[in-house]
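One letter stands for each residue in the lines below.
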Amino acid sequence: MSRLLLLLFGCSATVLMFGLWIPFKALVAQELLALAWAETQARQVQARPWPWADTWPVAKLEMPELDVSMIVLDGLHGESLAFGPGKLVAGADGPVILAGHRDTHFSHLQHLAPGNPVRLQGQDQHWQDYRVTSIRVVDSRKELINTHALAAGTLLLVTCYPFNSMDARGPLRYVVEAHPVYALEQKDTVAAL
Amino acid sequence: MLLSLLANPAVRPDLFTARRAKPAAKQSRWLRMAEGISLWLAVLLMLFVHPLYAEARQMDMEQPGQLYLMNDQSARQQPAVILDSEFQVHVSGLLAQTRLTRTFRNASDQWQEGIFVFPLPDKATVYGLRMTIGEREIVGHIEPKAKARQTYERARQAGQHAATLEQHRPNLFTSRVANIPPGESVQVEIRYQQPVAYKHGEFELRLPTTLTPRYMPGDPLAETQGQWQSGWALATTEVADAHEISPFTVRPQDVDGGSHRARIGIEIESGLALADVSSPSHRLHTELDGARATVRPEQEKVLMDRDVIVRWRPVAGSEPKAAVFHQTWQGEDYLMAMVLPLETAGPVLRRELVFVIDTSGSMAGDAIAQARSALLKGLETLRPGDSFNVIQFNSQAHALFAQPVPAEGHYLARARRYVQDLRANGGTEMAGALSLALGMDSGPGGERVRQVVFITDGAVGNESALFNQIRSGLADRRLFTVGIGSAPNMHFLREAARWGRGEFTAIHSGAEVDRALNRLFAAMEAPVLTNLDVRWPDQGQPLEPVPARPGDLFRGTPLVQVVRGLSAAGQLQVSGQLPGGRHWSTSLDLAQAAPASGLNRQWARGRIDELTDAARLQGQTPDEQQITELSVRHGVISPFTSFVVVEQRRARPETESAGSQSIPTLLPAGSQPGMLRYPQTATFAPLFTALGLLGLMFSLAIAMLNRRPSL
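This write-up is about the structure you can find in this document. Bear in mind the structure is a predicted one, so any value in this text is a computation, not a measurement. (Residues numbered from 1 in each chain as written. Chains lettered and ligands numbered in written order. Predicted model: local features only at pLDDT ≥ 70, side-chain atom pairs only at ≥ 80, totals over all residues.)

### Section: the overall build of chain A
- Within chain A, the regular secondary structure consists of three helices and nine strands.
- Scanning chain A from its N terminus toward the C terminus, one meets helices and strands in the order α-β-β-α-β-β-β-β-β-β-β-α.
- Along the three orthogonal principal directions, the C-alpha set of chain A runs to about 85 × 40 × 30 Å.
- Relative to its full complement of 193 residues, chain A shows a buried share of 42%. (Helix = DSSP H or I, 4+ residues; strand = E, 2+ residues; numbered from the N terminus. Buried ≥ 20, exposed ≤ 12 C-beta atoms within 10 Å, placed from the backbone.)

### Some points on the sheet that holds strand β20 (residues 332-339) of chain B
All names here are of chain B.
- Spatially, β29-β20-β19-β32 is the arrangement adopted by the four strands of the open sheet, whose pairing is mixed. Here the strands that pair on one side only, and so sit at the sheet edges, are β29 (559-564) and β32 (594-595).
- Where β20 lies against β29, six bridges are found, and the strand directions are antiparallel. In the sheet register, Val 339 faces β29, and the bridge partner there is Leu 559. (Pairing = 2+ DSSP bridges.)

### Side note on helix α6 (residues 366-380) of chain B
All names here are of chain B.
- A rise of 1.5 Å per residue sets the reference length of α6, with its 15 residues, at 21 Å; its end C-alpha atoms lie 21 Å apart and thus fit the reference within 8%.
- For α6, every residue scored as buried is listed here: Ala 367, Ile 368, Gln 370, Ala 371, Arg 372, Ala 374, Leu 375 and Gly 378.
- Taken together, the buried residues of α6 touch β21 (351-358), α7 (409-420), β25 (449-456), β26 (478-483) and α11 (513-524). (Expected span 1.5 Å × (residues − 1). Contact = placed C-beta atoms within 7 Å.)

### Concerning the sheet that holds strand β14 (residues 274-278) of chain B
Residues and elements named next belong to chain B.
- Taking strand neighbours across the sheet as the criterion, the four strands line up as β10-β11-β18-β14 in an open arrangement whose pairing is antiparallel. Strands at the two margins of the open sheet, each flanked by one partner only, are β10 (197-199) and β14. The mean inter-strand angle of the sheet, taken between neighbouring strand axes irrespective of direction, is 20°.
- The pairing of β14 with strand β18 (residues 308-314) spans four bridges and is antiparallel. In the strand pairing of β18, Val 277 is matched with Trp 312. (Axes fitted to C-alpha atoms, helices over the stretch in contact; angles between N-to-C directions.)

Structure below.
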């Protein structure tokens, strides 16, 4: 009996460890990524956060309203999403798509509202300001992201929905669409020219 | 400590020294503890590193540089219904009859409905639907669209074998097959005919196999009741049937290895000695025998990712200048005549050319490169005295110059730079580009012939509204269209040119740009024949020729007309005005007519188009009743009627349920994938944490319960 109990205890502890490991990994990785991002910007190279990493930091995302910032990795595959939101640029200068796990980095998306600012810093240290224009919940079985129909420069933030669900393979996605905001001074200079 | 261990693999050798120190650890408690910690760290490291290898393996399967999202549910990318197609084409004279057999094989262990949205040639007339299940063949019939849907839906729910074929656009159809048994297949045979294009002494047949995903302008409507939802797009304010004409587009490697391949066989009976048969899209295996040819692609099965184009030309000198065909159907006579006008060169006119180029996302890939070289080629044809402008459009339209500028060195240089920098992305808001092009004032410098050259893949869902816009805004201009890509929307290109009183051409590959455009620009110099007058012999019957009012003819393009109720006797008179104002006429002896089949269907299709056109000119909805009557009488599909076929006995037992599968189409070759699946964006963390906590609490509770009696 006590052996069975020990087994159950051991199994539960392992499962719990697996469960806690994912957010822990996400948290720790962001710290390492911050170092790599600093190096990326300083030396203008693709610095890998750890030598065997398959991805590298490509941008920094800030949601000023929520006081959150995070390092964004290259690619939307599971390997980058485990450590940070992934970024994909569709086409030459097509829309920018960021996806993150709803239980780690992109859990903040539920607090974003239309009109909120979002900022994205590229490798060239230039901050691009965006403003959230719409938030939709889509069924990924029925809809695809049609990158051709999105205006150039659009920013899409994608995560799973609903936020507190246990089902890791649910079909619903929470899609936040943001459009670039250009500073007024810039326009003035263009007009003056 | 932990952090530095994870971050710095140089620390890792410590683990192994710790392990090697195992015998010595017996004496030292401290060493044993170190061993324990390092083992745990090793396990943690394994967990950290392992997923990387797993993902890296999957990454290798992707082609470099291709846009693709990882999806854990790989099952969804392998459709349960596998599709096989066979085109058997028989060309006789100017008409091609095709039997298109689609086999829907159900690879799942559940009963399935297969839904497939597919293109047919833009001038295709569908006249038959048959369903074959095992040995049994059932012939379908025509019903009004709504009724056909009901018939099919009833049969589907009752578990009967059933199939239906519906027209959404003249070149876009949906076929549904209900209750395909698990592990078995159902064959659906579609019969259609299409006219063979005869231009510049060459015959051309185009068989589209896939479509470029279309852009749906307008705002999405609230969730449509998804009974017939089968696409990625939602209905919008401007494209009410967007959800029905937007099949999912996938790359060839995303479908089952045997799916989406077509066997193609073409038999040509031209009646003229043939010189050669060629194709810009596929390598062909040809057997030539005088006036007959048997043609098939070299590969046994070709991937359905591009239009199949076959061209043949008669031996030099024997290119036909005129032809007549005759058929008697249900006691009625039908005649089809083809007349090629004289080729003459007119005076050189001063032109104002406005180039409009599509830079929307669907053009990304090879298409935009072809479009750019087409436009550069167009700029080359400008002569001193001409004026020009360049407009590009995607989500917005942008003109290079505020109004047309003279074709002079520095303007041309600026235009060339502008064109070379064009990139493709964003939407396809064609209406804005058209109003910009058609609303632009002429530049200074006197009278010019105004022409618009529209370079696009035609991937839009609101064709009808655009035709209206062209018709009403055209004024004295002519609009010419240039189709780009492996699977352009030929219906849009042909009809836009027709409403724009111009000509169309299509470029299939980069190597074809020169050839196609040389011909188009030559034709654009001037219409060869205007004020066309076609006189059929008067046999005391009202004639209903189609097309009723043929437009101006351009170089190398013949006049083709079909009439009903006229026997093959008498003379056909065709006259018109050549460039420079000279009069030209010719006559054709109808008694020489060759026998043909399918003319009645050609005529019926033409009449349906005429009725739709007439309604558009008056701004009304087409006469549904008259079109339905024509369609049922001649057994041809129309916008208001569909084919449906039902087997009477029940096939699916009541205890079994049936799934439904929309079969995707393939991404046209050379284009960039624009459709992304949403990535998997949740982890098992909450589930594991909850399960782990639950298990711990449970075991703790039991442990406490166990301990109590012992106390």
